[in-house]
Amino acid sequence: MSTSATPDGLLPLDVAFLFAPHDTYTVLAVSATLMPFGTDAYIDAVDISFQVNGRPGVFVYTTPSLLFEQFAPFVGLEAVAGQIERIYQIAV
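Here's what I pulled together on the structure shown here.

Cut-offs applied
- Residues numbered from 1 in each chain as written.
- Predicted model: local features only at pLDDT ≥ 70, side-chain atom pairs only at ≥ 80, totals over all residues.
- Heavy atoms only, no water.
- Helix = DSSP H or I, 4+ residues; strand = E, 2+ residues; numbered from the N terminus.
- Buried < 20%, exposed > 50% of the residue type's maximum accessible area, 1.4 Å probe, protein only.
- Lys, Arg positive; Asp, Glu negative; His and termini not counted.
- Salt bridge = Lys/Arg side-chain N within 4 Å of Asp/Glu carboxyl O.
- Polar contact = N/O pair within 3.5 Å; in protein donor to acceptor, adjacent residues only side chain to side chain.
- Contact = heavy atoms within 4.5 Å.
- Pairing = 2+ DSSP bridges.
- Axes fitted to C-alpha atoms, helices over the stretch in contact; angles between N-to-C directions.
- Expected span 1.5 Å × (residues − 1).

## Points about the side chain of Asp47
Thinking step 1. One can find Asp47 in strand 2 (residues 41-52).
Thinking step 2. Within the buried set, Asp47 has no salt-bridge partner at all; the shortest N-O distance to an opposite charge, 20 Å, is to Arg86.
Thinking step 3. Engagement of the side chain of Asp47 in a polar contact is seen with the side chain of Thr62, the distance being 2.5 Å.
Thinking step 4. Residue contacts for Asp47: discarding those within four places in its chain leaves Ala29, Val30, Ser31, Thr33, Val60, Tyr61 and Thr62.

## Examining the sheet that holds strand 1 (residues 25-37)
Thinking step 1. In space, the 3 strands of this open sheet follow the order 1-2-3, with antiparallel pairing throughout. Because the sheet does not close on itself, it has two edges, and the strands there are strand 1 and strand 3 (59-64). Averaged over all neighbouring strand pairs, the angle between strand axes comes to 25 degrees, with direction disregarded.
Thinking step 2. Examined bridge by bridge, strand 1 and strand 2 share 12 bridges and lie antiparallel to one another. Across the sheet, the residue bridging to Ala32 is Val46, located in strand 2.
Thinking step 3. Relative to the sheet, helix 2 (residues 77-91) contacts strand 1, strand 2 and strand 3, its axis offset from that of strand 2 by approximately 60 degrees.

## Quick notes on helix 2
Thinking step 1. Look at helix 2: 21 Å from first C-alpha to last across 15 residues, which is about the 21 Å you get at 1.5 Å a residue.
Thinking step 2. Within helix 2 the residues assigned to the buried category are Leu77, Val80, Ala81, Gly82 and Ile84.
Thinking step 3. Considering only its buried residues, helix 2 is in contact with strand 1, strand 2 and strand 3.

Pasting the structure below:
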């Protein structure tokens, strides 16, 4: 793994091991971002890009990085994927 910093100053981090293969969704990418906090502040966050297996589209789930670091295996992608699946079922 490379240890050179990215243009935004963040070091790349391999987090694939945090996401066990799942039959409902597939994690495609994880990237650092910022999310609004209150009315005039931002906090470090993580975007998790994923697909719901068998459905078109790529979806993004954003979580504060503090929560991600501590609870990555439990961020709730299964619940989010289930909600997306229910939306597709309504559409047909």
